[in-house]
Every structure is written in structure tokens, then in C-alpha cells.
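# Observations on chain architecture
Residue-level listing of the chains:
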Amino acid sequence: MSRTRGSKSARGDIRKLAGMYRRFAEAEAARISPLYERIALALSESEAALHAIRTAPARRRHPASILAALHDLALAGRAPDLAAAYTATDHDTAAGTAIDTLLRMTDPVVELVVRHRPWTDETRARAVLYPAIAEAARRVGAHAVGLIDVDCAAGFDLTVDRAGITYSNGQALGDPSSPSRLSSSVVGDRALPAQAIPQVTTRIGIDRAPFEVTDAEDARWLRACLPPDRPERIARLDADIGSAASVAPLLLRGDALDLLPGVFARVPAGTLPIVTTAWALSRYTREERLRFLHHLEAAGRVVAWVSAEGVGVAPAIPTLGDRPASGHSIIGLAVFDGTGSQTEALGRCWSRGRILTWLADPSPPRAAVSCSTRSSPAPGR
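These numbers were taken from a predicted model, which means no experiment stands behind them.

### Overview of the overall build of the chain
- Of the regular secondary structure elements, the chain holds 12 helices and 11 strands.
- In terms of overall size, the chain behaves like a compact globule, its C-alpha atoms giving a radius of gyration of 23 Å where 381 residues would be expected to give roughly 21 Å.
- Each principal axis of the C-alpha atoms in the chain carries an extent, and together these give about 70 × 50 × 40 Å.
- A buried classification covers 54% of the 381 residues belonging to the chain.
- Taking the contacts inside the chain whose residues are at least 6 apart along the sequence as the reference set, 73% of them involve residues at least 24 apart.
- If you sum the accessible surface of the chain, you get close to 16,700 Å²; carbon and sulfur atoms cover 51% of it.
- Charge centroids of the chain, computed over 46 positive and 41 negative side chains, lie 5 Å from each other.

### Concerning the sheet that holds strand β3 (residues 172-174)
- Judged by pairing direction, the sheet is mixed, and its 11 strands sit side by side in the order β3-β2-β4-β11-β10-β9-β8-β7-β1-β5-β6 without closing on themselves. Two strands in the sheet have a free side with no partner beyond their single neighbour: β3 and β6 (250-253). Along the sheet, successive strands turn relative to each other by an average axial angle of 25°, direction set aside.
- In the packing of helix α8 (residues 125-140) onto the sheet, the strands contacted are β1 (144-150), β2 (164-167), β3, β4 (181-186), β7 (272-278), β8 (303-310), β9 (328-336), β10 (341-350) and β11 (355-358), and the crossing angle to β7 comes to about 150°.

### Structural notes on α8
- For α8, built from 16 residues, the straight-helix expectation of 22 Å at 1.5 Å per residue is met to within 8% by its first-to-last C-alpha distance of 22 Å.
- Among the 16 residues of α8, 15 are classified as buried, and the element is accordingly described as predominantly covered.
- Where α8 ends, the next residue or the one after it, Gly 141, has phi of about 80°, a positive value.

### A closer look at the side chain of Asp 149
- Here Asp 149 shows up in strand β1.
- In this structure Asp 149 is buried but unpaired, with Arg 283 as the nearest side chain of opposite charge at 8.8 Å.
- In this view, Asp 149 contacts Asp 157, Leu 158, Ile 204, Gly 205, Ile 206 and Thr 276; residues no more than four positions away in its chain are not counted.

### Here's the deal with unusual backbone geometry
- A positive phi angle, near 55°, is found at Ala 153, a position not held by glycine.
- Summarising the element assignment, Ala 153 is placed in the loop between β1 and β2.
- By relative accessible area, Ala 153 is classed as buried at 15%.
- Positioned with a positive phi, Leu 320 is a non-glycine residue whose angle comes to about 60°.
- Along the chain, the position of Leu 320 falls in the loop between β8 and β9.

About the cut-offs
- Residues numbered from 1 in each chain as written.
- Predicted model: local features only at pLDDT ≥ 70, side-chain atom pairs only at ≥ 80, totals over all residues.
- Heavy atoms only, no water.
- Helix = DSSP H or I, 4+ residues; strand = E, 2+ residues; numbered from the N terminus.
- Rg over C-alpha atoms; globule rule 2.2 N^0.38 Å.
- Buried < 20%, exposed > 50% of the residue type's maximum accessible area, 1.4 Å probe, protein only.
- Contact = heavy atoms within 4.5 Å.
- Areas by Shrake-Rupley, 256 points an atom, 1.4 Å probe, with all protein chains shown as cover.
- Lys, Arg positive; Asp, Glu negative; His and termini not counted.
- Charge placed at Lys NZ, Arg CZ, Asp CG, Glu CD.
- Pairing = 2+ DSSP bridges.
- Axes fitted to C-alpha atoms, helices over the stretch in contact; angles between N-to-C directions.
- Expected span 1.5 Å × (residues − 1).
- Salt bridge = Lys/Arg side-chain N within 4 Å of Asp/Glu carboxyl O.

So yeah, pure geometry; function would need other evidence.
This is the structure we're talking about:
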């Protein structure tokens with residue numbers, strides 16, 4: 001009886017996996033990678049490949065993870081036939097070789113997906129964060145800032161000031177000579193703030209499992225998470241890796257709710273700490289988000305928080321009357337000075353920063369505020 005149940009369970013898993021890989025091919029890969037569209041579809045049609053994928057933990061069977069693991073093997077020189085197939089233009093041959101590699105190297109594929117989480121660069125977070133960070137510094141009157149990024153992944157958002165960002169309305173922010181290039185479309189008739197981010201003295205990222213770009217294995221995995229037939233994305237990633245490596249941000253491993261209170265002391269006196277969250281808080285419960293907010297309130301010094309989160313996800317940030325799960329995000333700014341906070345919705349953005357609209361009215365900067373440490377409010381505040 002148990003063998004029958006197990007067999008039925010296996011058949012059910014295989015059907016679910018086939019559907020997952022078919023949907024990935026048709027809905028996701030079709031938009032970004034003809035190569036991955038063909039490979040994912042071939043995997044969905046191969047029962048042997050699906051059984052191999054099923055040996056991975058359930059949460060690691062997603063096409064993004066399995067395809068990244070196969071690409072990693074190719075980049076590492078462990079699957080030369082697959083590497084050669086990726087450089088050819090025959091997608092059918094590449095799909096067949098991918099299946100053969102998966103069947104021959106199932107254990108190494110599973111080891112990779114267990115060791116690494118998938119990473120995606122499908123975000124223009126820095127295009128959204130740049131004007132909001134600059135606006136936060138301007139309003140506080142800060143001449144130097146310390147960036148603290150929650151759920152930082154590889155720490156690329158910590159190099160926001162070093163990227164060259166162009167917008168569809170003709171504006172450009174950041175470093176125009178930077179090899180790290182981003183773009184975003186602006187809708188509406190209000191221009192983005194034109195001021196630059198002031199000197200960045202500190203760059204700190206917090207993540208449960210950050211990617212160290214100076215580690216060869218981590219850097220290779222980041223590249224492996226991109227489709228081989230998207231050379232422009234790979235070139236942009238290489239530029240981002242170079243930029244992050246040049247500034248060597250401090251990446252702290254752990255839970256932001258545990259580490260954040262101690263991080264503020266790492267930002268020098270006279271420097272405004274700016275905490276950034278870009279689609280990070282949705283992974284936290286409501287109670288955890290309120291704890292996050294309390295840490296900002298209890299920092300004992302002037303702190304700014306710049307957020308790009310789904311409607312209603314960032315506590316205390318106005319929602320502009322928008323409905324939760326409406327498909328776009330709110331660009332938020334909150335400034336805490338130890339006695340209270342000022343919060344504002346600066347704008348909206350769509351598709352992880354690919355499109356944005358700026359809504360905030362220009363306002364005069366506040367008188368320069370001391371960014372030095374103050375006595376912290378009582379824990380029960």
C-alpha cells in the first residue's frame with residue numbers, strides 16, 4: 001500500500017513539475033531568453049529529467065534554480081559540452097545537451113541548488129533609490145550619508161551613487177562615466193529631483209545569505225543565474241560586480257531585525273544613516289515590520305528610511321489611497337529624529353523600478369540636523 005501511495009505521490013509531483021516548467025517557458029523565459037524557453041519546455045516534456053529534478057528539495061526545484069545550476073557547471077568547466085551548446089545557435093541541440101547534463105550530473109546540480117539561492121537582476125531599484133536618497137539627504141541638510149541596505153543580496157544597491165542612470169524624460173543621475181548603467185521610464189509631467197547623492201562614507205548590507213562578489217564561487221553563481229543568450233545583461237552584471245568590489249561594502253550575515261540596532265553605531269557621527277528597503281519587507285510578517293520600524297525610531301540619532309515596497313507593505317508610509325496588491329509599489333521616505341518622524345510617499349513605481357512617477361512637491365531643506373548619536377527612546381516607546 002505504501003509503495004502505491006508513493007508511486008501516486010511521485011506521479012503527482014512529476015505532473016506539477018511539468019506544469020511549472022511549461023508555465024516558466026511560456027510566461028517568463030519567452031520574454032527574456034529564447035534559449036531558456038526552449039530548454040524549459042524540453043525539461044517539461046522529459047519524464048527522466050523531471051525525476052532528476054524531483055531529487056532536489058521541493059523549494060529548490062524551480063526552473064530558475066535548476067537552469068542556474070546547469071549554467072554554473074558550464075561556466076566552471078565541469079560541463080564542456082553544455083558550455084559549447086550554449087554558445088551555438090541551435091536551441092534544440094542546447095536543450096538536448098541540458099537534459100543529458102542533468103541526467104549525468106544530477107547530484108552536482110542538486111548540491112548547487114541546495115547551496116545557493118536563485119538571484120535575479122530583474123530590478124531597477126537603484127533608478128528608484130537614487131532620487132529618493134538624494135532627496136532624503138537634502139531635506140535633512142546632510143553633507144554625508146551612510147547607506148544601510150536590508151536584504152542586500154550582492155550589495156549592488158549600496159553602489160547606487162556610482163551607477164550611471166538615465167531616464168526616459170532626458171534626465172540623468174549618478175556617474176555618467178560609470179560602466180554600471182541603468183535606465184528607467186518616467187511617467188507623468190513632474191521631473192525627478194536633480195540633486196546628487198552626497199558623499200557616501202559607509203556602505204553596509206544585511207542579508208541572511210549575502211553574495212560576496214569577491215568570492216569566485218559566488219560571482220560565478222551570480223553570472224550563472226543569467227541566461228547565456230543575454231550578453232548585455234551579463235556585461236551589466238560584470239560592471240556591477242566590478243563596482244561593488246571597488247568599494248567593498250560591509251556585508252553582514254544574519255537577520256536585519258537582530259542586526260539593525262547595532263549597525264547605526266557603525267555610521268560615523270555627522271553622517272546621516274539612510275536605511276534602504278527595496279521589495280524586502282514583504283518577506284516579513286506585520287509584527288516584524290513593526291519591529292523594524294521601532295528600530296528606526298529607537299536609533300538614538302537622526303535616521304532616514306527610503307523604501308520601495310508594495311502598497312501597504314512599508315509601515316507608516318502613506319499609500320496615496322492605493323489598494324494593496326495593486327501591482328505597483330510606493331516610493332517612501334521617513335525621517336526619524338528621536339522625538340518623532342516625518343513620512344511621505346514620494347512617488348510610485350512599476351515592474352521593480354522599470355517605470356516610475358515622481359509625486360513629491362519640491363520643499364525647502366530643513367536646517368542642517370546633527371546626525372550624531374543621541375540618547376535612545378525607551379524600548380516601550
